[in-house]
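# Residue-level structural notes
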Amino acid sequence: MKNSQTLFAGLGSAATFVVIFSLVASGRYESADRGMFGAINSLTSSAVVALPAVALTGLGSGVAEGVIAALIYLFSKPNRKLAVGIVAAIALSDVVVFVLDSAYFRPRPYPVVANPYIQPGRDGSASFPSGHSTRAFAIGSVVSILKGRKYAVIFIVAGGIALSRVLVGVHFPLDVTGGAFLGITLGVSALFLTDALRLVQLARRLIPI
């Protein structure tokens, strides 16, 4: 896992996230971001788009992803390192997104942009970066690194989850794009931490099944 390509991917994604954050914070691309949001979000006027978007955004919740990781751990012994890596990626993503949200507040789309569809239950937290997008791409990184390139198809699911957040009206496109690159960085970091802290061995002692 600890090879130059993995490290390069993590560092490259981190640098890209910094660039995207600078664009958002500067406000120079606010108008363009709102325009892209409107174009994408308007697609949910059709139930054919809206219903899958709601399903994908639900799949991207930390609870749903945690349940999936627990099932992998309980019922697939050869993939226990994968399950622990996923949990580490979720936890690290949530902590980093919380810190960033606390340090920099970007309003969600619905207070500032009229949109045709809004997910039930408005979230008052910061819009940038998208937590769903960050978690999804962090998990995608963990899976693709541990299971190989043939499992990189999971990034299609991660991309769908990220897109769903714009479709349901709770994030701008740059929010989910930034979250995606942040997630890749954190997925790589989660695996390094998993090895360094021997989290797999700890999990096996705590849950000896």
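One can find the structure itself at the top, above this paragraph.
Residues numbered from 1 in each chain as written. Predicted model: local features only at pLDDT ≥ 70, side-chain atom pairs only at ≥ 80, totals over all residues. Heavy atoms only, no water.

### Structural notes on the nonpolar core
Ile86 and Val142 are the most contacted members of the largest nonpolar core, which has 18 residues in total. Of all the secondary-structure elements, those providing two or more residues to this core are helix H4 (62–75), helix H5 (80–103), helix H7 (131–147), helix H9 (173–196) and helix H10 (199–206). Sort the elements by how many residues they give to this core and H5 lands first, with seven residues. Each residue touching Ile86, except ones within four places of it in the same chain, is listed here: Glu65, Ala69, Ile72, Ile139, Val142 and Val143. (Core = buried A, V, L, I, M, F, W, Y, C linked by side-chain atoms within 4.5 Å. Buried < 20%, exposed > 50% of the residue type's maximum accessible area, 1.4 Å probe, protein only. Helix = DSSP H or I, 4+ residues; strand = E, 2+ residues; numbered from the N terminus. Contact = heavy atoms within 4.5 Å.)

### Brief notes about the packing of H5 against H10
Running from amino to carboxyl end, H5 crosses H10 at an angle of 105°, the nearest separation of the two axes being 9 Å. Considering their axes alone, H5 and H10 lie roughly perpendicular with respect to each other. Contact residues: Lys81, Val84 and Ala88 in H5; Leu199, Val200 and Ala203 in H10. For the contact of H5 with H10, the per-class residue count stands at five nonpolar, no polar and one charged. (Axes fitted to C-alpha atoms, helices over the stretch in contact; angles between N-to-C directions. Parallel < 35°, antiparallel > 145°, perpendicular 65-115°, else oblique. Nonpolar A, V, L, I, M, F, W, Y, C, P; charged D, E, K, R; others polar.)

### Details of unusual backbone geometry
In this structure, the amide linkage connecting Phe128 to the following residue, Pro129, adopts the cis form with an omega of -5°. Positionally, Pro129 belongs in the loop between helix H6 (109–112) and H7.

### Some remarks on the side chain of Thr185
Its location among the elements puts Thr185 in helix H9. Residue Thr185 is classed as buried on the basis of its relative accessible area, which comes to 13%. At 3.2 Å, the side chain of Thr185 forms a polar contact with the backbone oxygen of Gly10. Once residues lying within four places of it in the same chain are set aside, the contact partners of Thr185 are Gly10, Ser13 and Ala14. (Polar contact = N/O pair within 3.5 Å; in protein donor to acceptor, adjacent residues only side chain to side chain.)

### Focus on the packing of H4 against H5
Their axes nearest at 8 Å, the elements H4 and H5 cross at an angle of 160°. Regarding the angle of H4 to H5, the classification is roughly antiparallel. Between H4 and H5 lies a crossing of left-handed hand. Residues Gly62, Glu65, Gly66, Ala69, Ile72 and Tyr73 of H4 pack against Arg80, Ala83, Val84, Ile86, Val87 and Ile90 of H5. A class-by-class count of the residues in the contact of H4 with H5 yields eight nonpolar, two polar and two charged. (Left-handed = near helix turned anticlockwise from the far one by under 90°.)

### A short note on a nonpolar patch on the surface
Among the surface-exposed residues, Val63, Val67, Leu71, Leu74, Phe75, Leu202, Leu206 and Ile207 lie close enough to one another that they form a single nonpolar patch of about 790 Å² accessible area. Residue assignment for the nonpolar patch shows that the elements contributing at least two residues are H4 and H10. Along the chain, Ile207 falls in the segment after H10. Overall, the relative accessible area of 37% leaves Ile207 in the partly exposed class. (Patch = residues over 30% accessible without salt bridge, like charges linked within 9 Å, V, L, I, M, F, W, Y side chains within 5 Å. Areas by Shrake-Rupley, 256 points an atom, 1.4 Å probe, with all protein chains shown as cover. Salt bridge = Lys/Arg side-chain N within 4 Å of Asp/Glu carboxyl O.)

### Let's talk about the packing of aromatic side chains
Counting across every chain of the model gives six aromatic pairs. When the ring of Phe21 is compared with that of Phe128, the centres are 5.7 Å apart and the planes differ by 35°; the resulting orientation is tilted. Within this pair, whereas Phe21 is found in helix H1 (residues 4–26), its partner Phe128 is found in the loop between H6 and H7, the two being separated by 107 residues in sequence. Aromatic ring contacts, followed pair by pair, group Phe17, Phe21, Tyr104 and Phe128 into a single cluster. (Phe/Tyr/Trp six-rings, centres within 6.5 Å; stacked < 30°, edge-to-face > 60°.)

### A look at H5
In a regular helix each residue adds 1.5 Å, so 24 residues correspond to 34 Å; H5 covers 35 Å between its end C-alpha atoms and thus fits that length. Taken residue by residue, H5 has Arg80, Leu82, Ala83, Val84, Gly85, Ile86, Ala88, Ala89, Ile90, Ser93, Val97 and Asp101 as its buried positions. Of the surrounding elements, those touching the buried residues of H5 are H4, H7, H9 and H10. (Expected span 1.5 Å × (residues − 1).)

### Digging into the pattern of salt bridges
Throughout the structure, instances matching the rule amount to seven salt bridges. When the shortest N-O distance is used, the salt bridge between Lys81 and Asp195 registers 3.4 Å. Highlighted residues: Lys81 in helix H5 and Asp195 in helix H9, separated in sequence by 114 residues. The closest approach of N and O atoms between Arg106 and Asp175, which form a salt bridge, is 2.7 Å.

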